[in-house]
Amino acid sequence: MTDHDTVDHTGPCGSSGAECAGGACGPAPAGPTGPVLPGPSAGQGRGIFDKELLDRCISCGFCLPACPTYALTGQETSSPRGRITLMRALEAGDLAPDDPTLAEESSFCLGCRACETVCPAGVQYGRLLEQWRDHQWSGRRRPWIARALMMLVSRPGLLRLQGLVRRHARGPGEKAAPAPSAPSSASATASASASASAPSSGKPPEPSQQPVSLMLGCVERGLYPRVSRAARHLCPEADVPTAQGCCGALHAHNGDSATGEKLARRLGEQLPGTILTTAGGCAAHLAHHLGRDRVRELSEYLAEKGHRPAGRVMVDGRRARAALQDSCHLRNGLGVTRPPRELIAEVADYVELPSAGKCCGAAGTYSLLRPADSKKVLDPKLSEVEAADVDYVVAVNPGCLRQLEQGLRRARSRAKAIHLAEFLALATEPEPGRPDPASRAHGPKEP
Ligand code: SF4
Ligand code: SF4
(Lines give C-alpha, C1' and ligand atoms only; values in the text may rest on other atoms or scores of the structure.)
(Ligands and ions follow the chains in the order given, each with its own letter.)
Protein backbone atom coordinates (compact mmCIF):
# COMPACT_ATOMS: atom_id res chain seq x y z
CA MET A 1 0.00 0.00 0.00
CA THR A 2 1.67 3.16 -1.12
CA ASP A 3 -0.88 5.47 -2.71
CA HIS A 4 -3.35 7.47 -0.69
CA ASP A 5 -5.85 10.19 -1.25
CA THR A 6 -5.32 13.74 -0.20
CA VAL A 7 -7.84 15.12 2.27
CA ASP A 8 -9.18 18.59 3.01
CA HIS A 9 -7.12 20.90 5.19
CA THR A 10 -10.14 22.23 6.98
CA GLY A 11 -12.43 20.92 9.66
CA PRO A 12 -16.15 20.66 9.22
CA CYS A 13 -16.65 24.19 10.52
CA GLY A 14 -14.47 25.52 7.78
CA SER A 15 -11.65 26.41 10.14
CA SER A 16 -8.21 24.98 9.88
CA GLY A 17 -6.98 22.82 12.72
CA ALA A 18 -4.85 25.62 14.10
CA GLU A 19 -7.77 28.05 14.04
CA CYS A 20 -10.45 25.72 15.31
CA ALA A 21 -11.56 26.52 18.83
CA GLY A 22 -11.42 22.91 19.78
CA GLY A 23 -13.63 20.87 17.60
CA ALA A 24 -16.87 22.39 18.78
CA CYS A 25 -18.44 21.44 15.51
CA GLY A 26 -17.66 17.82 16.15
CA PRO A 27 -15.87 15.29 14.04
CA ALA A 28 -15.85 15.49 10.30
CA PRO A 29 -18.23 13.05 8.72
CA ALA A 30 -16.65 10.12 6.96
CA GLY A 31 -16.90 10.68 3.26
CA PRO A 32 -15.07 10.80 0.02
CA THR A 33 -12.48 13.23 1.42
CA GLY A 34 -11.63 10.92 4.33
CA PRO A 35 -8.75 8.49 4.52
CA VAL A 36 -8.83 5.44 2.30
CA LEU A 37 -6.68 3.27 4.47
CA PRO A 38 -7.71 -0.11 5.82
CA GLY A 39 -9.76 0.13 8.99
CA PRO A 40 -9.18 -1.96 12.10
CA SER A 41 -10.60 -5.41 12.23
CA ALA A 42 -12.85 -6.45 15.04
CA GLY A 43 -11.41 -8.61 17.75
CA GLN A 44 -8.22 -8.76 19.73
CA GLY A 45 -5.34 -6.52 18.77
CA ARG A 46 -1.68 -7.42 18.70
CA GLY A 47 -0.99 -5.55 21.95
CA ILE A 48 1.44 -3.12 20.35
CA PHE A 49 -0.45 0.02 21.35
CA ASP A 50 -2.30 1.27 24.34
CA LYS A 51 -5.83 0.72 23.09
CA GLU A 52 -7.32 3.66 24.94
CA LEU A 53 -4.78 6.02 23.33
CA LEU A 54 -5.35 4.53 19.90
CA ASP A 55 -9.13 4.75 20.19
CA ARG A 56 -9.08 8.40 21.13
CA CYS A 57 -8.65 9.66 17.56
CA ILE A 58 -11.97 10.65 16.01
CA SER A 59 -10.48 11.08 12.51
CA CYS A 60 -11.57 14.71 12.33
CA GLY A 61 -8.49 15.82 10.41
CA PHE A 62 -7.87 19.04 12.34
CA CYS A 63 -4.26 17.97 12.78
CA LEU A 64 -3.46 17.79 9.09
CA PRO A 65 -2.56 21.45 8.50
CA ALA A 66 -0.22 21.37 11.50
CA CYS A 67 1.80 18.45 10.22
CA PRO A 68 5.08 19.26 8.43
CA THR A 69 5.31 15.92 6.63
CA TYR A 70 1.76 16.21 5.35
CA ALA A 71 2.68 19.66 4.09
CA LEU A 72 5.56 18.08 2.15
CA THR A 73 3.62 15.30 0.47
CA GLY A 74 -0.10 16.05 0.68
CA GLN A 75 -0.52 12.31 1.28
CA GLU A 76 -2.93 11.06 3.91
CA THR A 77 -0.46 8.41 5.10
CA SER A 78 2.04 11.15 5.91
CA SER A 79 -0.44 12.92 8.19
CA PRO A 80 -1.14 12.27 11.87
CA ARG A 81 -4.60 10.88 11.06
CA GLY A 82 -3.19 8.66 8.33
CA ARG A 83 -0.46 7.35 10.62
CA ILE A 84 -2.96 6.59 13.37
CA THR A 85 -4.98 4.67 10.80
CA LEU A 86 -1.83 2.74 9.93
CA MET A 87 -1.24 2.04 13.62
CA ARG A 88 -4.79 0.74 13.96
CA ALA A 89 -4.31 -1.49 10.95
CA LEU A 90 -1.08 -2.83 12.40
CA GLU A 91 -2.69 -3.40 15.78
CA ALA A 92 -5.66 -5.16 14.22
CA GLY A 93 -3.53 -7.36 11.98
CA ASP A 94 -4.77 -5.81 8.76
CA LEU A 95 -1.22 -4.86 7.84
CA ALA A 96 1.78 -7.12 8.20
CA PRO A 97 4.50 -5.78 10.50
CA ASP A 98 6.91 -5.71 7.57
CA ASP A 99 4.59 -3.64 5.38
CA PRO A 100 6.83 -1.05 3.68
CA THR A 101 4.37 1.78 4.35
CA LEU A 102 4.62 1.11 8.07
CA ALA A 103 8.41 1.23 7.93
CA GLU A 104 8.40 4.37 5.82
CA GLU A 105 5.84 6.36 7.80
CA SER A 106 7.19 5.44 11.24
CA SER A 107 10.47 6.88 10.02
CA PHE A 108 9.15 9.84 7.98
CA CYS A 109 7.27 11.28 10.98
CA LEU A 110 9.36 13.93 12.70
CA GLY A 111 7.87 13.22 16.11
CA CYS A 112 7.41 16.97 16.52
CA ARG A 113 4.01 16.61 18.25
CA ALA A 114 2.59 19.67 16.49
CA CYS A 115 -0.49 17.52 15.85
CA GLU A 116 -1.16 17.21 19.58
CA THR A 117 -1.56 20.95 20.07
CA VAL A 118 -4.52 21.20 17.66
CA CYS A 119 -6.23 17.90 18.42
CA PRO A 120 -9.69 18.37 19.93
CA ALA A 121 -9.73 14.78 21.20
CA GLY A 122 -6.52 15.01 23.21
CA VAL A 123 -4.71 12.32 21.23
CA GLN A 124 -1.25 11.71 22.70
CA TYR A 125 0.39 11.20 19.36
CA GLY A 126 3.93 11.33 20.77
CA ARG A 127 3.19 8.40 23.06
CA LEU A 128 1.63 6.44 20.19
CA LEU A 129 4.68 7.09 18.04
CA GLU A 130 6.94 5.76 20.79
CA GLN A 131 4.85 2.59 21.01
CA TRP A 132 4.90 2.25 17.24
CA ARG A 133 8.66 2.57 17.02
CA ASP A 134 9.13 0.22 19.98
CA HIS A 135 7.54 -2.38 17.74
CA GLN A 136 8.69 -1.20 14.32
CA TRP A 137 12.31 -0.48 15.20
CA SER A 138 13.05 -3.38 17.50
CA GLY A 139 16.33 -5.23 17.22
CA ARG A 140 18.03 -5.10 13.85
CA ARG A 141 15.18 -3.15 12.31
CA ARG A 142 16.40 -0.09 14.18
CA PRO A 143 18.50 2.18 11.91
CA TRP A 144 22.17 1.58 12.58
CA ILE A 145 22.86 5.28 13.20
CA ALA A 146 20.28 5.30 15.98
CA ARG A 147 21.75 2.07 17.37
CA ALA A 148 25.23 3.55 17.43
CA LEU A 149 24.13 6.76 19.12
CA MET A 150 22.08 4.91 21.72
CA MET A 151 25.04 2.72 22.52
CA LEU A 152 27.29 5.74 22.88
CA VAL A 153 25.07 7.69 25.27
CA SER A 154 24.22 4.62 27.36
CA ARG A 155 27.82 4.25 28.48
CA PRO A 156 28.72 6.58 31.35
CA GLY A 157 32.43 6.01 30.69
CA LEU A 158 32.12 7.36 27.15
CA LEU A 159 30.12 10.35 28.37
CA ARG A 160 32.80 11.12 30.94
CA LEU A 161 35.39 10.85 28.19
CA GLN A 162 33.52 13.50 26.23
CA GLY A 163 33.76 15.75 29.28
CA LEU A 164 37.51 15.22 29.40
CA VAL A 165 37.95 15.93 25.73
CA ARG A 166 35.61 18.92 25.70
CA ARG A 167 35.63 20.93 28.93
CA HIS A 168 32.09 21.30 30.13
CA ALA A 169 30.54 23.28 32.96
CA ARG A 170 32.47 22.73 36.14
CA GLY A 171 31.27 21.82 39.57
CA PRO A 172 30.75 24.18 42.53
CA GLY A 173 33.79 26.10 43.64
CA GLU A 174 35.35 26.19 40.23
CA LYS A 175 35.62 29.29 38.13
CA ALA A 176 32.53 30.22 36.21
CA ALA A 177 32.75 30.08 32.46
CA PRO A 178 33.49 33.19 30.43
CA ALA A 179 30.90 34.58 28.09
CA PRO A 180 30.81 32.81 24.74
CA SER A 181 32.28 34.23 21.59
CA ALA A 182 30.32 36.61 19.41
CA PRO A 183 29.36 36.08 15.79
CA SER A 184 31.47 37.08 12.91
CA SER A 185 30.18 40.28 11.36
CA ALA A 186 28.66 41.27 14.64
CA SER A 187 29.99 43.04 17.67
CA ALA A 188 28.33 42.43 20.95
CA THR A 189 28.73 45.07 23.60
CA ALA A 190 26.95 45.66 26.82
CA SER A 191 24.65 48.34 27.97
CA ALA A 192 24.60 49.22 31.63
CA SER A 193 20.87 49.69 31.52
CA ALA A 194 19.29 46.55 32.74
CA SER A 195 15.77 45.93 31.72
CA ALA A 196 12.74 44.54 33.44
CA SER A 197 12.56 40.91 34.32
CA ALA A 198 10.72 38.49 32.09
CA PRO A 199 7.50 37.08 33.44
CA SER A 200 6.89 33.41 33.31
CA SER A 201 4.54 31.85 30.80
CA GLY A 202 1.58 29.53 31.05
CA LYS A 203 0.88 27.86 34.34
CA PRO A 204 4.24 26.76 35.68
CA PRO A 205 4.28 24.64 38.79
CA GLU A 206 5.03 26.39 42.06
CA PRO A 207 8.71 27.22 42.35
CA SER A 208 10.30 25.07 44.96
CA GLN A 209 13.11 25.63 47.41
CA GLN A 210 14.90 22.56 46.14
CA PRO A 211 18.54 22.56 45.15
CA VAL A 212 19.18 23.00 41.43
CA SER A 213 21.27 20.60 39.34
CA LEU A 214 22.43 21.54 35.87
CA MET A 215 22.06 18.69 33.40
CA LEU A 216 24.92 18.55 30.92
CA GLY A 217 23.22 16.57 28.17
CA CYS A 218 24.82 14.04 25.83
CA VAL A 219 24.85 16.10 22.63
CA GLU A 220 25.86 19.23 24.46
CA ARG A 221 28.80 17.56 26.20
CA GLY A 222 30.18 16.45 22.88
CA LEU A 223 29.29 19.32 20.55
CA TYR A 224 28.40 22.38 22.62
CA PRO A 225 30.10 22.37 26.03
CA ARG A 226 30.07 26.16 25.81
CA VAL A 227 26.28 26.09 26.21
CA SER A 228 26.57 24.41 29.60
CA ARG A 229 29.27 26.88 30.58
CA ALA A 230 27.05 29.81 29.61
CA ALA A 231 24.14 28.28 31.57
CA ARG A 232 26.38 27.95 34.59
CA HIS A 233 27.39 31.57 34.12
CA LEU A 234 23.71 32.60 34.16
CA CYS A 235 22.77 30.28 37.02
CA PRO A 236 25.76 30.12 39.37
CA GLU A 237 23.51 28.70 42.08
CA ALA A 238 23.18 25.45 40.12
CA ASP A 239 25.33 22.48 41.03
CA VAL A 240 26.87 20.42 38.25
CA PRO A 241 27.11 16.83 39.50
CA THR A 242 29.88 15.08 37.64
CA ALA A 243 28.23 11.66 37.56
CA GLN A 244 25.27 12.09 35.27
CA GLY A 245 24.16 9.88 32.43
CA CYS A 246 21.82 10.23 29.49
CA CYS A 247 18.18 11.24 30.06
CA GLY A 248 16.95 8.52 27.68
CA ALA A 249 15.03 10.76 25.26
CA LEU A 250 17.12 9.40 22.39
CA HIS A 251 16.09 5.85 23.27
CA ALA A 252 12.42 6.71 23.73
CA HIS A 253 12.27 8.36 20.31
CA ASN A 254 14.13 5.56 18.57
CA GLY A 255 12.23 2.45 19.52
CA ASP A 256 13.39 1.67 23.06
CA SER A 257 11.09 3.51 25.40
CA ALA A 258 11.76 1.04 28.26
CA THR A 259 15.43 2.04 28.32
CA GLY A 260 14.36 5.65 27.83
CA GLU A 261 12.34 5.49 31.02
CA LYS A 262 15.04 3.63 32.94
CA LEU A 263 17.68 6.21 32.03
CA ALA A 264 15.36 9.09 32.94
CA ARG A 265 14.73 7.62 36.39
CA ARG A 266 18.42 7.00 36.93
CA LEU A 267 19.28 10.55 35.97
CA GLY A 268 16.57 11.73 38.37
CA GLU A 269 18.48 9.98 41.16
CA GLN A 270 21.83 11.41 40.02
CA LEU A 271 20.63 15.02 39.86
CA PRO A 272 19.15 16.20 43.15
CA GLY A 273 16.36 18.74 43.35
CA THR A 274 15.27 20.69 40.31
CA ILE A 275 16.85 19.46 37.09
CA LEU A 276 17.86 22.45 34.99
CA THR A 277 18.34 21.66 31.32
CA THR A 278 19.26 23.64 28.23
CA ALA A 279 17.63 21.07 25.93
CA GLY A 280 13.89 21.33 25.29
CA GLY A 281 13.65 17.72 24.12
CA CYS A 282 15.31 16.38 27.27
CA ALA A 283 13.09 18.60 29.44
CA ALA A 284 9.91 17.11 27.99
CA HIS A 285 11.15 13.54 28.31
CA LEU A 286 12.30 14.00 31.89
CA ALA A 287 9.12 15.82 32.89
CA HIS A 288 7.08 12.92 31.54
CA HIS A 289 8.90 10.36 33.66
CA LEU A 290 9.97 12.33 36.74
CA GLY A 291 7.10 14.80 37.02
CA ARG A 292 6.80 18.36 35.82
CA ASP A 293 7.87 19.83 39.14
CA ARG A 294 11.31 18.20 38.94
CA VAL A 295 12.30 19.77 35.61
CA ARG A 296 12.94 23.26 34.33
CA GLU A 297 14.18 24.25 30.89
CA LEU A 298 16.59 27.18 31.11
CA SER A 299 14.27 29.93 29.84
CA GLU A 300 11.40 29.04 32.16
CA TYR A 301 13.82 28.73 35.06
CA LEU A 302 15.28 32.17 34.39
CA ALA A 303 11.79 33.65 34.01
CA GLU A 304 10.67 32.11 37.29
CA LYS A 305 13.64 33.44 39.20
CA GLY A 306 13.13 36.89 37.67
CA HIS A 307 16.43 36.95 35.82
CA ARG A 308 17.43 40.46 34.76
CA PRO A 309 19.88 40.45 31.85
CA ALA A 310 22.84 42.73 32.58
CA GLY A 311 22.92 44.44 29.23
CA ARG A 312 22.00 44.27 25.60
CA VAL A 313 23.37 42.44 22.63
CA MET A 314 24.56 44.95 20.06
CA VAL A 315 25.58 44.46 16.44
CA ASP A 316 27.46 47.18 14.58
CA GLY A 317 26.42 49.79 17.14
CA ARG A 318 22.75 48.90 17.11
CA ARG A 319 20.54 46.54 19.04
CA ALA A 320 20.81 43.07 17.56
CA ARG A 321 17.87 41.61 15.65
CA ALA A 322 17.18 38.12 16.89
CA ALA A 323 14.60 35.42 16.13
CA LEU A 324 13.74 32.27 18.03
CA GLN A 325 13.44 28.72 16.80
CA ASP A 326 11.15 26.89 19.23
CA SER A 327 12.03 23.44 20.44
CA CYS A 328 9.13 21.22 19.35
CA HIS A 329 8.96 19.22 22.54
CA LEU A 330 9.37 22.28 24.73
CA ARG A 331 6.59 24.05 22.86
CA ASN A 332 4.25 21.19 22.00
CA GLY A 333 5.05 18.92 24.94
CA LEU A 334 5.49 21.38 27.81
CA GLY A 335 3.77 24.48 26.43
CA VAL A 336 6.77 26.75 27.07
CA THR A 337 6.72 29.50 24.45
CA ARG A 338 6.84 32.93 26.08
CA PRO A 339 9.92 32.79 28.34
CA PRO A 340 12.53 32.41 25.59
CA ARG A 341 10.88 35.14 23.48
CA GLU A 342 10.67 37.55 26.39
CA LEU A 343 14.25 36.92 27.44
CA ILE A 344 15.49 37.58 23.92
CA ALA A 345 13.38 40.74 23.75
CA GLU A 346 15.07 41.96 26.94
CA VAL A 347 18.46 42.11 25.29
CA ALA A 348 17.74 42.51 21.57
CA ASP A 349 15.05 43.39 19.04
CA TYR A 350 12.95 40.27 18.85
CA VAL A 351 11.70 39.17 15.44
CA GLU A 352 9.07 36.42 15.22
CA LEU A 353 9.64 34.19 12.22
CA PRO A 354 6.39 32.92 10.66
CA SER A 355 7.53 29.33 11.20
CA ALA A 356 9.22 29.81 14.58
CA GLY A 357 6.92 27.27 16.17
CA LYS A 358 7.32 24.69 13.43
CA CYS A 359 9.91 21.94 13.39
CA CYS A 360 13.32 22.79 11.98
CA GLY A 361 13.87 19.25 10.75
CA ALA A 362 16.45 18.31 13.37
CA ALA A 363 14.01 16.12 15.32
CA GLY A 364 16.55 14.11 17.30
CA THR A 365 18.16 11.62 14.96
CA TYR A 366 15.94 12.61 12.02
CA SER A 367 18.49 14.86 10.35
CA LEU A 368 20.94 11.94 10.36
CA LEU A 369 18.46 9.26 9.34
CA ARG A 370 16.61 11.28 6.67
CA PRO A 371 18.87 14.16 5.66
CA ALA A 372 16.99 14.95 2.44
CA ASP A 373 13.62 15.26 4.20
CA SER A 374 15.19 17.14 7.07
CA LYS A 375 16.55 19.67 4.60
CA LYS A 376 13.15 20.04 2.95
CA VAL A 377 11.61 20.86 6.32
CA LEU A 378 14.34 23.36 7.14
CA ASP A 379 14.67 25.20 3.84
CA PRO A 380 11.56 27.43 4.06
CA LYS A 381 12.75 28.56 7.47
CA LEU A 382 16.10 29.61 6.04
CA SER A 383 14.28 31.78 3.50
CA GLU A 384 12.35 33.39 6.34
CA VAL A 385 15.59 34.14 8.18
CA GLU A 386 16.95 35.92 5.14
CA ALA A 387 13.71 37.85 4.60
CA ALA A 388 13.67 38.94 8.24
CA ASP A 389 17.30 40.11 8.04
CA VAL A 390 18.12 38.96 11.55
CA ASP A 391 21.56 38.78 13.11
CA TYR A 392 20.85 35.75 15.25
CA VAL A 393 18.56 32.75 15.27
CA VAL A 394 18.30 31.57 18.85
CA ALA A 395 17.73 27.90 19.68
CA VAL A 396 16.68 26.28 22.94
CA ASN A 397 17.76 22.78 22.07
CA PRO A 398 21.20 21.58 20.96
CA GLY A 399 19.80 19.49 18.10
CA CYS A 400 18.02 22.54 16.67
CA LEU A 401 21.19 24.56 17.14
CA ARG A 402 23.17 22.08 15.07
CA GLN A 403 20.51 21.97 12.38
CA LEU A 404 20.34 25.76 12.13
CA GLU A 405 24.11 26.13 12.13
CA GLN A 406 24.46 23.75 9.23
CA GLY A 407 21.54 25.23 7.32
CA LEU A 408 22.61 28.84 7.72
CA ARG A 409 26.15 27.93 6.70
CA ARG A 410 24.83 26.15 3.62
CA ALA A 411 22.67 29.16 2.76
CA ARG A 412 25.67 31.48 3.25
CA SER A 413 23.53 33.51 5.61
CA ARG A 414 24.98 36.33 7.66
CA ALA A 415 22.71 35.24 10.54
CA LYS A 416 24.30 33.16 13.25
CA ALA A 417 22.68 30.30 15.12
CA ILE A 418 23.21 30.51 18.83
CA HIS A 419 21.83 28.85 21.93
CA LEU A 420 19.76 31.00 24.27
CA ALA A 421 22.27 30.52 27.10
CA GLU A 422 25.10 31.84 24.97
CA PHE A 423 22.98 34.67 23.63
CA LEU A 424 22.02 35.91 27.08
CA ALA A 425 25.59 35.56 28.25
CA LEU A 426 26.63 37.90 25.42
CA ALA A 427 24.65 40.67 27.09
CA THR A 428 27.21 41.37 29.78
CA GLU A 429 29.63 44.19 30.47
CA PRO A 430 33.06 43.65 28.93
CA GLU A 431 35.79 43.64 31.55
CA PRO A 432 37.32 47.13 32.02
CA GLY A 433 40.64 47.53 30.25
CA ARG A 434 40.15 44.34 28.30
CA PRO A 435 39.07 44.38 24.67
CA ASP A 436 35.55 43.18 24.19
CA PRO A 437 35.92 39.62 22.85
CA ALA A 438 33.03 40.34 20.56
CA SER A 439 34.93 43.23 19.00
CA ARG A 440 37.87 40.96 18.38
CA ALA A 441 35.61 38.58 16.56
CA HIS A 442 34.03 41.33 14.55
CA GLY A 443 35.06 41.18 10.96
CA PRO A 444 33.91 42.38 7.57
CA LYS A 445 30.48 41.35 6.49
CA GLU A 446 30.25 38.30 4.33
CA PRO A 447 28.91 38.93 0.85
S1 SF4 B 1 -5.24 13.01 15.88
FE2 SF4 B 1 -6.74 14.42 16.78
S3 SF4 B 1 -6.92 16.10 15.29
FE4 SF4 B 1 -5.94 14.38 14.22
S5 SF4 B 1 -7.63 13.25 13.25
FE6 SF4 B 1 -7.28 12.28 15.27
S7 SF4 B 1 -8.71 13.34 16.66
FE8 SF4 B 1 -8.56 14.62 14.82
S1 SF4 C 1 4.57 14.32 15.12
FE2 SF4 C 1 4.83 16.03 13.64
S3 SF4 C 1 5.42 15.01 11.70
FE4 SF4 C 1 4.57 13.40 13.06
S5 SF4 C 1 2.40 13.28 12.55
FE6 SF4 C 1 2.53 14.75 14.26
S7 SF4 C 1 2.74 16.78 13.29
FE8 SF4 C 1 3.16 15.22 11.69
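Parameters at a glance
- Residues numbered from 1 in each chain as written.
- Chains lettered and ligands numbered in written order.
- Predicted model: local features only at pLDDT ≥ 70, side-chain atom pairs only at ≥ 80, totals over all residues.
- Helix = DSSP H or I, 4+ residues; strand = E, 2+ residues; numbered from the N terminus.
- Buried ≥ 20, exposed ≤ 12 C-beta atoms within 10 Å, placed from the backbone.
- Near = placed C-beta within 6 Å.
- Nonpolar A, V, L, I, M, F, W, Y, C, P; charged D, E, K, R; others polar.
- Axes fitted to C-alpha atoms, helices over the stretch in contact; angles between N-to-C directions.
- Parallel < 35°, antiparallel > 145°, perpendicular 65-115°, else oblique.
- Left-handed = near helix turned anticlockwise from the far one by under 90°.
- Contact = placed C-beta atoms within 7 Å.
- Pairing = 2+ DSSP bridges.
- pLDDT = per-residue confidence, 0-100.
- Expected span 1.5 Å × (residues − 1).
- Arc of directions from axis to C-beta.
- Core = buried A, V, L, I, M, F, W, Y, C linked by C-beta atoms within 7 Å.
- Domains from an automatic or database assignment.

### Points about the overall build of the protein
Move 1: Scanning the protein from terminus to terminus reveals 21 helices and 9 strands.
Move 2: Across the 447 residues that make up the protein, the buried fraction comes to 50%.

### Quick look at the site of ligand 2
Move 1: The environment of ligand 2 is made up of 14 residues, and the closest members are Cys67, Pro80, Cys109, Cys112 and Cys115.
Move 2: If you list the elements that add at least two residues to the shell around ligand 2, you get α2 (68-73), α3 (80-92) and α5 (114-117).
Move 3: For the shell around ligand 2, the class distribution of residues is 10 nonpolar, 2 polar and 2 charged.

### Concerning the packing of α3 against helix α4 (residues 100-108)
Move 1: Packing of α3 against α4 leaves a shortest axis separation of 11 Å and a crossing angle of 135°. Taken as axis vectors, α3 and α4 run oblique relative to one another. The way α3 lies across α4 gives a crossing that is left-handed. Facing Arg83, Leu86 and Leu90 of α3, the residues of α4 in contact are Thr101, Leu102 and Glu105.
Move 2: For the contact of α3 with α4, the residue count by class is 3 nonpolar, 1 polar and 2 charged.

### Quick notes on the pairing of strand β8 (residues 392-395)
Move 1: Neither face of β8 is open: one carries Tyr392 and Val394, the other Val393 and Ala395, and all of them are buried.
Move 2: Bridge analysis of strand β6 (residues 321-325) against β8 gives 4 bridges, and the strand direction is parallel. Each residue of the ladder has a partner; that of Gln325, found in β8, is Ala395.
Move 3: The sheet contact formed by β8 and strand β9 (residues 416-419) spans 4 bridges and is parallel. In the strand pairing of β9, Tyr392 is matched with Lys416.

### Points about the confidence of the model for the protein
Move 1: Chain-level statistics for the protein give a pLDDT mean of 79 and a share of 73% at 70 or above.
Move 2: Contacts from residues 1-42, a stretch scored under 50 in pLDDT, to residues over four places away or in other chains number 83 contacts.
Move 3: In the model, residues 171-202 has pLDDT below 50 throughout and makes 95 contacts with residues more than four positions away in sequence or in other chains.

### Some details on unusual backbone geometry
Move 1: Backbone geometry places Ser59, a non-glycine residue, at a positive phi of 60°.
Move 2: Among the secondary structure elements, Ser59 is positioned in the loop between α1 (51-55) and α2.
Move 3: Positive phi is not limited to glycine here, since Arg412 has a value of about 55°.

### Points about helix α12 (residues 257-270)
A turn of α-helix holds 3.6 residues, and therefore any two residues three or four places apart point the same way.
Move 1: If you check α12, its first and last C-alpha atoms are 20 Å apart, about what 14 residues at 1.5 Å a residue would give, namely 20 Å.
Move 2: For α12, the complete set of buried residues consists of Ser257, Gly260, Leu263, Ala264 and Leu267. Buried residues in α12, looked at end-on, bunch into an arc of 115°, giving them a common side. Opposite the buried face of α12, by more than 90 degrees, sit the exposed residues Ala258 and Glu269.
Move 3: On its buried face, α12 is in contact with α6 (125-136), α11 (249-253) and α13 (280-290).

### Observations regarding the nonpolar core
Move 1: One finds Ala322, Val393, Val394 and Phe423 to be the most contacted residues of the largest nonpolar core, which totals 112 residues.
Move 2: Here this core takes 6 residues from helix α20 (residues 420-426), the largest share from any one element.
Move 3: Each of domain 1 (1-136) and domain 2 (142-447) gives at least three residues to this core.
Move 4: What Val393 contacts, discounting residues up to four positions off in sequence, is Ala323, Gln325, Val385, Leu404, Leu408, Ala415 and Ala417.

### Some details on the site of ligand 1
Move 1: Contacts to ligand 1 come from 14 residues, most closely from Cys57, Cys60, Cys63, Arg81 and Cys119.
Move 2: Per-element accounting of the shell around ligand 1 gives the leading share, 3 residues, to α3.
Move 3: Partitioning the shell around ligand 1 into residue classes produces 11 nonpolar, 2 polar and 1 charged.

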